[in-house]
Amino acid sequence: MKKFELACPAPLPAWDQVLLAHGGGGKLSQQLVEKIFLPEFLNPELAARHDGAVVRLGGSRLAFTTDSYVVRPLIFPGGCIGDLAVYGTVNDLAMCGARPLYLSAGFILEEGLPMETLQTVVVSMGEAARRAGVALVTGDTKVVDKGKGDGMFITTAGIGVVEAPAEIVPASVQPGDAVILSGDLGSHGVAVLSVREGLEFDAPVRSDAAPLWEPVEALLKAGIEVHCLRDLTRGGLASALNEIASARGAGMRIEEAAVPVTDAVRGACEILGLDPLYVANEGRFTAFVPESQAGRAVEILRAVPVSAGAARIGRVVAECSGPVLLRSRIGGTRVLDMLSGEQLPRIC
Amino acid sequence: MKFIDEYRDPLAARKLAQAIRRTATRPWTIMEVCGGQTHTIVKSGLQDLLPPEVTLVHGPGCPVCVTPLDLIDSAVAIASRPGVIFCSFGDMLRVPGSSKSLFEAKAGGADVRIVYSPLDAVTLARANPGRQVVFFAVGFETTAPANAMAVWQAAREGIENFSVLVAHVLVPPAIEAILGAPDCRVHAFLAAGHVCTVMGFAEYEPVARRYRVPIVVTGFEPVDLLEGIHMALLQLESGRAEVENQYSRAVRREGNRPAQQRIVEVFEVGPRTWRGIGEIPASGLRLREPYRRFDALARFPVAQGQVEESGECLAGLVLRGLKKPQECPAFAVRCTPERPLGAPMVSSEGACAAYYLYGRHRQ
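What counts, and where the lines are drawn
Residues numbered from 1 in each chain as written. Chains lettered and ligands numbered in written order. Predicted model: local features only at pLDDT ≥ 70, side-chain atom pairs only at ≥ 80, totals over all residues. Helix = DSSP H or I, 4+ residues; strand = E, 2+ residues; numbered from the N terminus. Rg over C-alpha atoms; globule rule 2.2 N^0.38 Å. Contact = placed C-beta atoms within 7 Å. Buried ≥ 20, exposed ≤ 12 C-beta atoms within 10 Å, placed from the backbone. Domains from an automatic or database assignment. Nonpolar A, V, L, I, M, F, W, Y, C, P; charged D, E, K, R; others polar. Pairing = 2+ DSSP bridges. Axes fitted to C-alpha atoms, helices over the stretch in contact; angles between N-to-C directions. Arc of directions from axis to C-beta. Parallel < 35°, antiparallel > 145°, perpendicular 65-115°, else oblique. Left-handed = near helix turned anticlockwise from the far one by under 90°. Core = buried A, V, L, I, M, F, W, Y, C linked by C-beta atoms within 7 Å. Expected span 1.5 Å × (residues − 1).

### A few points about the overall build of chain A
Now for step 1: Secondary structure summary: chain A contains 9 helices and 14 strands in total.
Now for step 2: Against the 2.2 N^0.38 benchmark of 20 Å for 348 residues, chain A shows a C-alpha radius of gyration of 20 Å, consistent with a compact globule.
Now for step 3: Here the C-alpha coordinates of chain A stretch approximately 65 × 55 × 45 Å along the principal axes.
Now for step 4: For chain A, restricting intrachain contacts to residue pairs at least 6 apart in sequence, the fraction spanning at least 24 positions comes to 83%.

### Observations concerning the overall build of chain B
Now for step 1: When you go through chain B residue by residue, the secondary structure sums to 15 helices and 11 strands.
Now for step 2: By the burial criterion, 56% of the 363 residues in chain B qualify as buried.
Now for step 3: By sequence separation, contacts in chain B at least 24 residues apart represent 78% of the contacts at least 6 residues apart.

### Some points on the domain arrangement of chain A
Residue and element names in this part refer to chain A.
Now for step 1: Splitting chain A by domain gives domain 1 (52-162) and domain 2 (170-335).
Now for step 2: Relative to domain 2, the C-alpha centre of domain 1 lies at a distance of 23 Å.
Now for step 3: The partner domain 2 presents 23 residues to the 21 residues of domain 1 that form the contact.
Now for step 4: Sorting the residues of the side of domain 1 that touches domain 2 by element identifies helix H3 (81-94), strand S5 (98-110) and helix H4 (115-132) as the ones contributing at least two each.
Now for step 5: Examining the composition of the side of domain 1 that touches domain 2, we find that 8 residues originate from one element, H3, more than from any other.
Now for step 6: Class assignment for the residues of the side of domain 1 that touches domain 2 results in 11 nonpolar, 5 polar and 5 charged.

### Regarding the domain arrangement of chain B
Residue and element names in this part refer to chain B.
Now for step 1: Along its sequence, chain B is organised into domain 1 (26-62 + 181-245), domain 2 (65-170 + 255-299) and domain 3 (315-362).
Now for step 2: Of note, the centres of domain 1 and domain 3, computed from C-alpha atoms alone, are 20 Å apart.
Now for step 3: Listed by partner, the interface residues are 15 residues for domain 1 and 15 residues for domain 3.
Now for step 4: Mapped onto the side of domain 1 that touches domain 3, the elements with two or more residues apiece are helix H2 (35-43) and strand S2 (54-61).
Now for step 5: Tallying contributions element by element places H2 first for the side of domain 1 that touches domain 3, with 6 residues.
Now for step 6: Grouping the constituent residues of the side of domain 1 that touches domain 3 by class yields 7 nonpolar, 6 polar and 2 charged.

### Details of the interface of chain A and chain B
Quoted interface sizes are often the accessible area lost when the parts come together.
Now for step 1: Taken residue by residue, the interface counts 29 residues in chain A and 40 residues in chain B.
Now for step 2: Contributing elements (two or more residues each) for the side of chain A that touches chain B: helix H1 (27-41), helix H8 (263-272) and strand S14 (333-335) of chain A.
Now for step 3: Ranked by the residues each element gives to the side of chain A that touches chain B, the list is headed by H8(A), at 4 residues.

### With respect to the sheet that holds strand S8 (residues 178-181) of chain A
Backbone-to-backbone hydrogen bonds pair the strands of a sheet. The strands run either parallel or antiparallel.
Residue and element names in this part refer to chain A.
Now for step 1: If you walk across this open sheet you meet the 7 strands as S9-S11-S8-S12-S10-S13-S14, and the pairing is mixed. What marks the edges here is a single partner per strand, and that holds for strand S9 (228-231) and S14. In this sheet, adjacent strand axes meet at a mean angle of 25° when their direction is disregarded.
Now for step 2: Two strands pair when backbone bridges link them, and S8 and strand S12 (residues 311-317) are joined in this way by 4 bridges, in the antiparallel orientation.

### Examining the sheet that holds strand S5 (residues 132-139) of chain B
Residue and element names in this part refer to chain B.
Now for step 1: An order of S4-S3-S5-S6-S11-S10 is seen for the 6 strands of this open sheet, with the pairing classed as mixed. The strands lining the two open edges of the sheet, one partner per strand, are strand S4 (111-114) and strand S10 (267-274). Ignoring which end each strand starts from, the neighbouring axes of this sheet average 25° apart.
Now for step 2: Across 2 bridges, the pairing between strand S6 (residues 162-169) and strand S11 (residues 278-287) is antiparallel. Paired with Val 169 across the bridge in S11 is Gly 284.
Now for step 3: Docked against the sheet, helix H7 (residues 144-157) engages S5, S6, S10 and S11, running at close to 155° with respect to S6.

### Focus: the pairing of strand S1 (residues 53-57) of chain A
Now for step 1: Here 5 bridges tie S1(A) to strand S2 (residues 60-69) of chain A, and the two strands are oriented antiparallel to one another. Along S2(A), the bridge assignment pairs Leu57(A) with Ser60(A).

### Examining unusual backbone geometry
Now for step 1: Look at the link from Arg72(A) to Pro73(A): it is a cis peptide, with omega at 0°.
Now for step 2: Notably, Arg49(A) is not glycine yet its phi reads approximately 50°, a positive angle.
Now for step 3: Here Arg49(A) shows up in the loop between helix H2 (44-47) and S1.
Now for step 4: A residue is classified by how many C-beta atoms lie within 10 Å of it, and Arg49(A), with 18 of them, is partly exposed.
Now for step 5: The phi dihedral of Arg212(B) falls on the positive side, at around 55°, and the residue is not glycine.
Now for step 6: Examined against the element boundaries, Arg212(B) turns out to sit in the loop between helix H10 (205-211) and strand S8 (215-218).

### Side note on the pairing of S11(B)
All names here are of chain B.
Now for step 1: Of the strand pairs in this sheet, S10 and S11 are connected by 7 bridges, and their pairing is antiparallel. What sits directly across from Trp 274, in S11, is Gly 278.
Now for step 2: Between the antiparallel neighbours S10 and S11 lie 3 residues, among them Gly 276 with a positive phi of about 85°.

### Overview of helix H9 (residues 294-302) of chain A
All names here are of chain A.
Now for step 1: Where H9 is concerned, the buried positions are Ala 297, Val 298 and Leu 301. The buried residues of H9 occupy an angular sector of 100° when projected down its axis, which confines them to one face. Structural note: H9 exposes Gly 295 and Glu 299 on the side pointing more than 90 degrees away from its buried face.
Now for step 2: If you follow the buried residues of H9, they end up packed against S8, helix H6 (213-221), strand S11 (285-289) and S12.

### Points about the packing of H3(A) against H4(A)
Residues and elements named next belong to chain A.
Now for step 1: It is the contact of H3 with H4, at a shortest axis distance of 7 Å, that shows an interaxial angle of 30°. Classified by the angle between their axes, H3 and H4 sit roughly parallel to one another. Our pair here, H3 against H4, has a crossing hand that is right-handed. Note on element contacts: H4 touches H3 through Val 121, Val 122, Ser 124, Met 125, Ala 128, Ala 129 and Ala 132, opposite Ile 81, Gly 82, Asp 83, Ala 85, Val 86, Tyr 87 and Val 90.
Now for step 2: Among the residues making up the contact of H3 with H4, the classes are represented as 11 nonpolar, 2 polar and 1 charged.

### Describing the environment of Lys148(A)
Residues and elements named next belong to chain A.
Now for step 1: Inspection of the secondary structure assignment puts Lys 148 in the loop between strand S6 (135-144) and strand S7 (152-162).
Now for step 2: The class for Lys 148 is exposed, based on 10 C-beta atoms found within 10 Å.
Now for step 3: Taking the C-alpha atoms as reference, Lys 148 lies 39 Å from Cys 228; in sequence the two are 80 residues apart.

### Thoughts on the nonpolar core
The nonpolar side chains of a soluble globular protein tend to be buried with one another.
Now for step 1: The biggest cluster of nonpolar side chains holds 221 residues, and the ones touching the most others in it are Ile180(A), Ala79(B), Leu165(B), Phe189(B) and Ala191(B).
Now for step 2: Other than its neighbours up to four places away in sequence, Ala79(B) contacts Val84(B), Phe86(B), Leu102(B), Ala105(B), Ala110(B) and Val112(B).

### Points about helix H1 (residues 10-23) of chain B
All names here are of chain B.
Now for step 1: Relative to the 20 Å expected for 14 residues at 1.5 Å per residue, H1 spans 20 Å between its end C-alpha atoms, a close match to the ideal helical length.
Now for step 2: When H1 is considered as a whole, its buried residues turn out to be Ala 13, Leu 16, Ala 17, Ile 20 and Thr 23. When H1 is viewed along its axis, its buried side chains cluster within an angular range of 125° and face the same direction. In H1, the exposed positions that point more than 90 degrees away from the buried face belong to Leu 11, Gln 18 and Arg 22.
Now for step 3: At its buried positions, H1 is contacted by S2 and helix H11 (222-238).

And the structure:
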C-alpha cells in the first residue's frame, strides 16, 4: 500500500482566490503555472515551457497544443472568436516549427445564444481552417444555463508534424541572436477594445488574426537556423520577450524606434492609456535567428503577405537572467518588464 | 502622428538636453508634480540625458496614491453590499486597502466595473433603476469637471440610485505643503499641465512669489519635460521665480472657465487627508449642500475605523520628494506590483511603479 503523505505537495499560492489578473498573461499567470500546475504535472515535454509540446511517436516528432478562447465581443472588426480558436492553436503549433494538421474543437454555449451568432462563428471557423490548411476532425458541445457563460467559449487542441530540423525552444536562443518581429503591433487588441468601449476611428482598426505557418515554413525552407519562435498573443511583445529571456536565462536589448506600430493603433492606445508593446496580437510573432542570417530572414518574411511588415528590433545579450531593456526613441534606456496582470486604463 | 511625434523627436530631445547641460552650473532639484510626468521621465529614460547637476524628484500628483486607506476600505465595503454596482477608473482597482483591494472584492462576488467616464456610471444607473450605482470620484482638478458633470446630470434627471464616493484633491495646497515643510529640498516645480488646462495657472502666481520658487506649467511628452526643465533652470540660474507656461498648446492662464463653473457649482473646497502626507487644509473637494444626497458615504454608512499603514512603506516620503523609490528597503523585495505595501507601487501614476517597471536596471 502506498504510504500516506501528510506533507502538502505544493506550497499554497499567495492568493486565496483566483483573480482576473491570473488570466492576463503576465506575472500572475506565470505564478499560477509555476505554483499550481507545474508541480503536479511536470514532465520533460512540459518543462520545455513552449507554446506547444513536442512529443516523439514512432519515428516522427509531433507538436501538440491546446488553447481556450474567451473574448467579448464574440465578433469584432477583422474576425470573431471562431477565427481566433483556429489561428491561435495552429499558430502555437507553427511556433514549434510544426506544420499544423488536425484540430479538435469543444464548444461551451450559453443558453439563449442567438443561433445566427453560432452559425457566423462556425462558418468563420470553417473558412479559417481551410486557410490554415487544417482539418477539424473531432469536437464536443455543451450548453450551460443562462448567466453561466459569456455567450460562447471555445477550446481547441491541435496536432502538427515538426518540420524544423533543430529544436525550436527558448533554450536554443543564443547570445548575439537577432530578434525579429513579423509586423506591426496591437491591431487585434485595439480592434476588440474599440468595439467593447464604443470607440470609432476614421479607418477602423481590424484584427490581425491570421495563420502563421506560411512565414515559418518560408524561413525553414530557406535554411534559416531558427532558434526560437513565439506568437505575441495575450500580454503582447513585452511579455513574450520576457518569457523567453527568463526561460533561457539571457537578456535582450530592444530598439523602440524599430518596433512598428501603426498610427491608428498608437492613437487608440494614447486615448485608452495603453502601451502597444503589451497589447494582444493574433497574427504576429517574434523569431530568434543568428545575427548573420537576420537580414535574409527579414527579407524572406517580407515576401509573405502576413509578415510583410517584418523588422529586426533588437538582439539577445549574454547577461544571465538580465532584464529586457528598451532604448527609447529619445535615446534613454528602460526596463521592458512583464505586467502583473492586464493593463488598466488610467485616471487622467 | 501629429501632436505626438514632434514631442518624442530624438533630435529635439538631444538639442534640449544640450541646452540643459549648458545652462546648469550648480546642483538643482526640480520636482515634477504629476505622476503621469514621472512615468514619462522613467519610461523614456529621460534622466540618462540630464547632467549630474539636475536632480528630478517626484511629487504627490498620483490621485490613487494619495487616496486615504480608510476611504479605500469604505469603497470595498460599499462595493461588497448586495445590489450595488461599483464603478471606478481602472487604476484604482489594484490599490490595496487594509484587508483587500477592489479587484479582490470583485473576485469575492462584488459587482465592480471599470468605466472610462463618470457619465458611463450615470448611464448604468439610468439602465438599472433597481440597483445602486456608486462612482469612485478620484482625481485632481483634471477629473473634477467630468465628475461634477455626472452628479449635476444625475440631479437634473432625478437619477436617485446614483451616488459618488468623493476623493478629490487639489494641487496648489499640496505644493504649498511641500514648500512649507522644514525639510523641503525642492528648488523648482514642473506643474501638471492637464490640471492647468482646467484651472489655468493664475493660482500658482502667489505661490511662486511667496516661496521664491519657479513654477513651469509642463506637458507630458519627453520633449515637453526637457523643455520644462530647461525653462526652470533658466529661471533658477538667473534668480527669477515666476510662473511660466511650457504647455501653451493646451493651457491658458485663465484655464477652462465653463469647466471651473461646473466644479464650483457641485463641489466646495474642504480639508482632506492625503495618504502618506496627512491632513492638508483646504486641499480637497466635497459635495455642496444641494448635491449631498449623492454622497455615497452618507447613503451607505460604513464603519470607518482607524487603520494602520504598513510601517515599512515609505510612500509618504516618496510622495513629498524626500526619498526616491529605490531608497526604500522594501522596494522590489517585499513590495512589488503583485504584492504592494503602498499605493505608489500599483498605480500607473505611482513613482514606485514607474521605477519598478522601467527603472530597475539602475539599482
